[in-house]
Amino acid sequence: MSARLYPLAVGNFALGTGMFVTAGLLPPISADLGVSRSAAGQLMTVFALAYAVLSPLLAALTARMPRRRLLLLAMGVFVAGNVLTALAPTYPLVLATRVLAAAGAAMFTPTASGVANALSTPERRGRALALVMGGLSVSSAIGVPLGTWLGGEAGWRATLWMVTGLGVVGLAWVAAVVPEVRMPASGRLRERFAPLAERPVLAVLATQLLMFAAGFTAYTYIGSLFDLPLTAVLWAWGLGGVAGNQLGGRLTDLYGPRRMIIVGLAASTVFLALIPVANLALPVALVWAFLWGALGWLIAPAQQFRTVAAVPDNVPIGLGLLSSAQYLGLFVAGLAGGAALDWFGRTGVTVVATAFGLTALVVTLVTYRPARTPVPVA
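Quick caveat, the model's predicted, so the values are computed rather than measured.

A. Here's a closer look at the packing of helix 9 (residues 199-220) against helix 12 (residues 257-273). One way to put it is that helix 9 packs onto helix 12 with a least axis distance of 11 Å and a crossing angle of 25°. On the basis of their axis angle, the class for helix 9 and helix 12 is roughly parallel. The two elements helix 9 and helix 12 meet at a crossing, and its hand is left-handed. Residues Thr 207, Met 211, Ala 214 and Ala 218 of helix 9 form the contact with helix 12, whose participating residues are Ile 261, Leu 265 and Leu 272.

Pasting the structure below:
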């Protein structure tokens, strides 16, 4: 199973690097394009909004396409979008090309999760989903710090060329290894949104949106929150994410998704509130970033597992809606964090991020009830 899932993880690694690295490139982007740092941060916001909107639409259009072919198409679109971003001379054109890159990501990540679900047995599903989504967490540990360093040394466009190369590697590996998988799915757009009528699904999506709004309100503008070496902080955060994602998959299989989600949300919200403390010294910041990254990514496999349980007969659509909620949370984070930074500085960003985290925890506690154990009848 692992051999067939690794290319999907590599594809997510390229996608994650392409999106998350923007947070580390705000200074060179703003200087090159002549815009403010908060405006440069909107590149991630536009990417996230395009992903959230396009994911269900493209899923409906490609419902009958074999999954392997769809993965190749998605990665090809993502590569093309990054090539155009690297070549775009103006800020509006850069924004437009991020929409194209987001379209590729919107097709790839939910499809990769669906393929992982189809290729795994129920008792290993948490670990399979963690492996595939681990590409995103590994990108934050390796791709983002590397891209941030490269952008500082050779310009942010060099980082985009690096992302393009990663996408080509992912495309070639998927073509060589991933088998053809067909999963029944409707092409009707109305049926894509049908799960939204179910309360358990809405509860999962609400947690996902608020959780990502909390984390990425801080992450998108992390360069403005710390006076310490940014590459080192991002590196520690990414390493924590890798550890948390892999541990989260195993713990989800052992203890169930509810416990992992609530513990992860509560602890990560506390760490958001501790950002000013983390900025006191580099050793403190590195420990803080590692633990915050681990706690945040600990929740990802549990949320996917929860989604599969909520829509067992419609897994691809459920995972697509989960991705849309995730990126809608990133969109909210970009707007809220940018406004807080402009109006209230770094303190405002920390307060808004922590408020989102507390809201996510409360909503989850209210809506995610423990499963009832049936009483034996004599």
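Still more to cover.
B. Summary view of the domain arrangement of the chain. The domain boundaries assigned to the chain delineate domain 1 (1-179) and domain 2 (195-371). Here the C-alpha centre of domain 2 lies 19 Å away from the C-alpha centre of domain 1. Listed as interface residues are 42 residues of domain 1 and, on the opposing side, 36 residues of domain 2. The junction of domain 1 with domain 2 conceals about 3,400 Å² of combined surface from both sides, 69% of it contributed by carbon and sulfur atoms. For the interface between domain 1 and domain 2, the tally reads 0 salt bridges. At the level of elements, helix 1 (2-20), helix 3 (37-61), helix 5 (91-119) and helix 6 (125-154) are the ones that each hand at least two residues to the side of domain 1 that touches domain 2.

C. Up close: a nonpolar patch on the surface. Together, Trp 235, Leu 239, Val 287, Phe 290 and Leu 291 give the surface a local cluster of nonpolar side chains, amounting to about 430 Å² of exposed area. Among the secondary structure elements, those contributing two or more residues to the nonpolar patch are helix 11 (230-255) and helix 14 (282-310). The exposure class of Leu 239 is partly exposed, given its relative accessible area of 32%.

D. Representation of the pattern of salt bridges in the model. Using the criterion set out here, one finds 2 salt bridges in the structure. A salt bridge links Asp 32 to Arg 157; the nearest nitrogen and oxygen atoms lie 3.2 Å apart. Of the two residues, Asp 32 sits in helix 2 (residues 26-33) while Arg 157 sits in helix 7 (residues 156-177), which places them 125 residues apart along the sequence. With relative accessibility at 44%, the residue Asp 32 sits in the partly exposed group. The shortest N-O distance in the salt bridge between Arg 346 and Asp 227 comes to 2.9 Å. In this pair, Arg 346 sits in helix 15 (residues 315-367) while Asp 227 sits in the loop between helix 10 (222-225) and helix 11, placing the two residues 119 residues apart along the sequence. Using a relative accessible area of 32% as the deciding quantity, one classes Arg 346 as partly exposed.

Rules used in this analysis
Residues numbered from 1 in each chain as written. Predicted model: local features only at pLDDT ≥ 70, side-chain atom pairs only at ≥ 80, totals over all residues. Heavy atoms only, no water. Axes fitted to C-alpha atoms, helices over the stretch in contact; angles between N-to-C directions. Helix = DSSP H or I, 4+ residues; strand = E, 2+ residues; numbered from the N terminus. Parallel < 35°, antiparallel > 145°, perpendicular 65-115°, else oblique. Left-handed = near helix turned anticlockwise from the far one by under 90°. Contact = heavy atoms within 4.5 Å. Domains from an automatic or database assignment. Buried area = accessible area lost by both parts, 1.4 Å probe. Salt bridge = Lys/Arg side-chain N within 4 Å of Asp/Glu carboxyl O. Patch = residues over 30% accessible without salt bridge, like charges linked within 9 Å, V, L, I, M, F, W, Y side chains within 5 Å. Areas by Shrake-Rupley, 256 points an atom, 1.4 Å probe, with all protein chains shown as cover. Buried < 20%, exposed > 50% of the residue type's maximum accessible area, 1.4 Å probe, protein only.

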